[in-house]
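The chain contents come next:
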Amino acid sequence: MTDKKSVRRQIDITDEQLLTLINQRLQLAQTIGEIKNREDLATLDPKREQEVLDRLKRFNTGPLTEEGLRNIFREIISAARQVQRPLSVAFLGPEATFTHLAAIKKFGRSTFFKPLPTISEVFIAVEKSNHHLGVIPIENSTEGVVNETLDQFVETKLQICGEIYLEISHDLISRSGQINDIEIIYTHPHAHGQCRKWLQGHLPQIPVLEVSSTGLAAQKAAHNPNSAAIASGFAASLYELRVVESRIEDHRENATHFFIIGPYAPGATGADKTSIIFAVADTPGALYNMLRPLAERGINMTRIVSRPMKTVAWRYLFFVDLDGHLQESALQECLHEMEEMSAFFKILGSFPKAEAIEKVS
């Protein structure tokens, strides 16, 4: 009969073997980094990283889950990137926002992350090359699009080079973890909207003060023992708060879509999206005619959102996501035809599709 001590010794030996192999992998990554530097190639290679994960999934026989495999190798790849050329990523802060968590899920904890107070400052920091990439929210499945992000895309020279879908789960957190101690609740407006029914049912008399982010809400709760915040469990651990009630969102199928922005577009992977903005003339059937080339070529439009133009009253810009990559001839021909008909037209970039909705845990 195997005893606990001998099994733990086997675990120790296995851990030592894993550490040796990880260091060997990082040494190989360092060599790849030297080649990339010589050839002036970007450190971030989404296609290659996805190939690594897809290959490992095929070899995985369990009991490691697919999600566990993704989490483990995301961190190994993150560490490999750092030994090649440290990656700097700006995000909508402060720390412990869902944008911060999305950035960690995408790039791993070995990345250097910089919180910035507004979406426009994230764009500016990446445009000025203060950071390699930025992560900004574009849309929530419950509360809709983030208008500030849409507006920034009209003027920026940056491109969309990736996306992340993150499950949004809200906890009520405070210093004591006791519901009776709560005299005020701090929250972001979107989080407030997503938890309104729960608050009305459980804490109808407690005033709610809206702040600029869930991270800031957690910061304020950490400094006020008679307050609580609506934020993530990640925020609770970062600011040493306790969970009063977990998962207080009114709709469990709640996710936020984030874009990665940068100065370049990644190559085709075979599972890509392309984002565009356009405006149409104020004539009957203009939008129908603009979208007709997509249908004729069998190109799938996955999202369309309208936004008022800042310069002309009662005229609109349309933000559209399409399946496919700019390197594909059918999509190139389609976009050229659309551009010829448009009053304003801009390609925001082609990028790999997110593989799955990332879990907050």
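Conventions used here
- Residues numbered from 1 in each chain as written.
- Predicted model: local features only at pLDDT ≥ 70, side-chain atom pairs only at ≥ 80, totals over all residues.
- Heavy atoms only, no water.
- Helix = DSSP H or I, 4+ residues; strand = E, 2+ residues; numbered from the N terminus.
- Rg over C-alpha atoms; globule rule 2.2 N^0.38 Å.
- Buried < 20%, exposed > 50% of the residue type's maximum accessible area, 1.4 Å probe, protein only.
- Contact = heavy atoms within 4.5 Å.
- Areas by Shrake-Rupley, 256 points an atom, 1.4 Å probe, with all protein chains shown as cover.
- Phe/Tyr/Trp six-rings, centres within 6.5 Å; stacked < 30°, edge-to-face > 60°.
- Lys NZ or Arg CZ within 6 Å of the ring centre and 35° of its normal.
- Salt bridge = Lys/Arg side-chain N within 4 Å of Asp/Glu carboxyl O.
- Axes fitted to C-alpha atoms, helices over the stretch in contact; angles between N-to-C directions.
- Parallel < 35°, antiparallel > 145°, perpendicular 65-115°, else oblique.
- Arc of directions from axis to C-beta.

## Remarks on the overall build of the chain
Broken down by element type, the chain carries 12 helices and 16 strands. What you see for the chain is a C-alpha radius of gyration of 23 Å, in line with the 21 Å of a compact globule of 361 residues. On the principal axes, the C-alpha backbone points of the chain span a range of 75 × 60 × 40 Å. Taking all 361 residues of the chain together, 45% fall into the buried category. Sequence separation of at least 24 residues holds for 77% of the intrachain contacts in the chain that already meet a minimum separation of 6. Roughly 18,700 Å² of accessible area belongs to the chain as shown, and the carbon and sulfur atoms make up 52% of that amount.

## Topic: the packing of aromatic side chains
For the structure shown, the criterion picks out 5 aromatic pairs. Ring centres of Phe 123 and Phe 153 lie 5.3 Å apart, and the angle between their planes is 85 degrees; on these two criteria the pair is classed as edge-to-face. Placement of Phe 123 in helix H5 (residues 119-127) and of Phe 153 in helix H6 (residues 147-155) is noted, with a sequence separation of 30 residues between them. Here the aromatic rings of Phe 278 and Phe 318 are separated by 5.6 Å at their centres, their planes lie at 25 degrees, and the arrangement is stacked. With Phe 278 in strand E12 (residues 272-279) and Phe 318 in strand E14 (residues 316-323), this pair connects stretches of sequence that are 40 residues apart. By relative accessible area, Phe 318 is classed as buried at 13%. Among the aromatic side chains, those forming a connected cluster through ring pairs are Phe 123, Phe 153, Phe 259 and Phe 351. Positioned above the aromatic ring of Tyr 186, the side-chain terminus of Lys 220 is 5.9 Å from the ring centre.

## Points about the pattern of salt bridges
By the definition in use, this model includes 13 salt bridges. Between Lys 273 and Glu 163 there is a salt bridge, with the nearest N and O atoms lying 3.1 Å from each other. A residue pair is termed long-range when its members are at least 10 positions apart, and Lys 273 in strand E12 and Glu 163 in strand E5 (residues 159-167) qualify at 110 residues. A salt bridge links Lys 353 to Asp 323; the nearest nitrogen and oxygen atoms lie 3.1 Å apart. A residue pair is termed long-range when its members are at least 10 positions apart, and Lys 353 in the loop between strand E15 (344-352) and strand E16 (357-358) and Asp 323 in strand E14 qualify at 30 residues. The class for Lys 353 is partly exposed, based on a relative accessible area of 36%. Exposure remark for Asp 323: the relative accessible area of 22% places this residue in the partly exposed category.

## Remarks on the packing of helix H3 (residues 66-84) against helix H4 (residues 98-107)
Packing of H3 against H4 leaves a shortest axis separation of 7 Å and a crossing angle of 80 degrees. It follows from the interaxial angle that H3 and H4 lie roughly perpendicular. Between H3 and H4, the contacting residues are Asn 71, Arg 74, Ser 78 and Arg 81 on the first element and Ile 104, Lys 105, Lys 106 and Phe 107 on the second.

## A word on helix H9 (residues 214-223)
Among all positions of H9, only Thr 214, Gly 215, Ala 217, Ala 218 and Ala 221 are buried. For H9, the buried positions fall inside an angular range of 160 degrees around the axis, keeping them on one side. On its buried side, H9 packs onto H4, strand E6 (171-174), strand E7 (184-187), helix H7 (189-194), strand E9 (227-231) and helix H10 (233-238).

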